[in-house]
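# Architecture at a glance
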Amino acid sequence: MRNYFIAGNWKMHKTRAESAALATALVAQLKDGKHKYLVAPSFTSLETVGKIVAGSNILLGAQNMAAEEIGAHTGEVSVLQLKDLGVQVVILGHSERRHVYKEDDALINKKVKLAIKHDLEVILCVGETLEERESGKAEKVCETQTEKGLDGVSAAEFEKVTIAYEPVWAIGTGKTATPEDADSIHAYVRKVVSRLYGAEAAKAVCIQYGGSVKADNAAQLMAKANIDGALVGGAALKPETFVPIAKFG
Ligand code: PGA
């Protein structure tokens, strides 16, 4: 079996006590899990959750970070502060960051390079809106976001990057891309990676699917040749919905 990577993005949910309860349950219930795991709580819960997952098979992730290392950036969180809390992975370019908070490819690229410089793993999210899909632009949008997001990232640095394909229309909507549609975009993104970094890198890269992943569709999605994991939002908020996804297969 491939090394699947199952990540939970808790978004702007949970107090520290609620985060601690979820993390504690996941550490216990996933300790015999076969895949690679990550939880990404809110910034305010990173320290609490970090202490709970330390030494377990669950990585600690952040949901975003600033494009600058330090300085006068009110309301931002620096890579140095994330490293100080033991964060190992950062999610960048999530569609909520792109579309609600207007982050563009250039800004996301700056963050990607800064995270890698500080030895963080990166989950780079790409994905098209419904309008873009309906006008036949899904592949092109994902290609551009991948290419621009990775501009200036060397082949050696790319080993720290996971790509998450998250069609915007499927996030939090209950609509999932069919396994076939998702797989076809994943295959396309893999071709883009091959062009940028070569065939070996394209084979090795982990491409997660995200967008209304649930226990009852995870296995079918993951059975596809090009789907190597999942980035889970809503279903990541409770052990009873996340653990069955994390333990699929
Ligand atoms: P969802 O979110 O699983 O709630 O659709 C996925 C994500 O935004 O990463």
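Scope of this entry: the structure provided in the associated data block. On a predicted model such as this, the values are computed, not experimentally measured, just so you know.

It is worth spelling out the overall build of the protein chain at this point. Secondary structure summary: the protein chain contains 12 helices and 8 strands in total. What you see for the protein chain is a C-alpha radius of gyration of 17 Å, in line with the 18 Å of a compact globule of 249 residues. With the C-alpha coordinates of the protein chain rotated into their principal frame, the extents come out at 45 × 45 × 35 Å. Within the protein chain, contacts between residues separated by at least 24 positions form 73% of all contacts whose residues are at least 6 apart in sequence. For the protein chain, the computed accessible surface area is about 11,100 Å², with 53% contributed by carbon and sulfur atoms. Charge centroids of the protein chain, computed over 30 positive and 31 negative side chains, lie 3 Å from each other.

Another point: the pattern of salt bridges. Summed over all chains, the structure comprises 17 salt bridges. Glutamate 47 serves as the salt-bridge partner of lysine 51, at 3.7 Å between the closest nitrogen and oxygen. With lysine 51 and glutamate 47 both in helix α2 (residues 46–53) and 4 residues apart, the pair spans about one turn of that helix. Judged by its relative accessible area of 45%, glutamate 47 falls in the partly exposed class. Across the salt bridge formed by lysine 224 and glutamate 180, the nearest N and O atoms sit 3.2 Å from each other. In this pair, lysine 224 sits in the loop between α11 (215–222) and β8 (229–232) while glutamate 180 sits in helix α9 (residues 179–197), placing the two residues 44 residues apart along the sequence. Assessed through its relative accessible area of 23%, lysine 224 is described here as partly exposed. Shared partners join several salt bridges into a network, and the residues in it are Lys140, Glu143, Glu147 and Arg195.

It is worth spelling out the nonpolar core at this point. Counting residues in each nonpolar core, the largest one holds 67 residues, and the members touching the most others are Ile6 and Phe158. What phenylalanine 158 contacts, discounting residues up to four positions off in sequence, is Leu150, Val153, Ile163, Val193, Tyr197, Ala201 and Val205. With 12 residues, the next largest nonpolar core counts Phe5, Val89, Ala164 and Leu231 among its residues.

On to the sheet that holds strand β5 (residues 121–126). Strand order in this closed barrel of 8 strands is β1-β2-β3-β4-β5-β6-β7-β8, and the pairing throughout is parallel. Taking each pair of neighbouring strands and ignoring which way they run, the sheet shows an average axis angle of 25°. Pairing of strand β3 (residues 58–62) with strand β4 (residues 89–92), which is carried by 2 bridges, proceeds in the parallel orientation. Each residue of the ladder has a partner; that of glycine 61, found in β4, is valine 89. Docked against the sheet, helix α12 (residues 239–246) engages β1 (5–9), β2 (36–40) and β8, running at close to 160° with respect to β1.

How each quantity is defined
Residues numbered from 1 in each chain as written. Predicted model: local features only at pLDDT ≥ 70, side-chain atom pairs only at ≥ 80, totals over all residues. Heavy atoms only, no water. Helix = DSSP H or I, 4+ residues; strand = E, 2+ residues; numbered from the N terminus. Rg over C-alpha atoms; globule rule 2.2 N^0.38 Å. Contact = heavy atoms within 4.5 Å. Areas by Shrake-Rupley, 256 points an atom, 1.4 Å probe, with all protein chains shown as cover. Lys, Arg positive; Asp, Glu negative; His and termini not counted. Charge placed at Lys NZ, Arg CZ, Asp CG, Glu CD. Salt bridge = Lys/Arg side-chain N within 4 Å of Asp/Glu carboxyl O. Buried < 20%, exposed > 50% of the residue type's maximum accessible area, 1.4 Å probe, protein only. Core = buried A, V, L, I, M, F, W, Y, C linked by side-chain atoms within 4.5 Å. Pairing = 2+ DSSP bridges. Axes fitted to C-alpha atoms, helices over the stretch in contact; angles between N-to-C directions.

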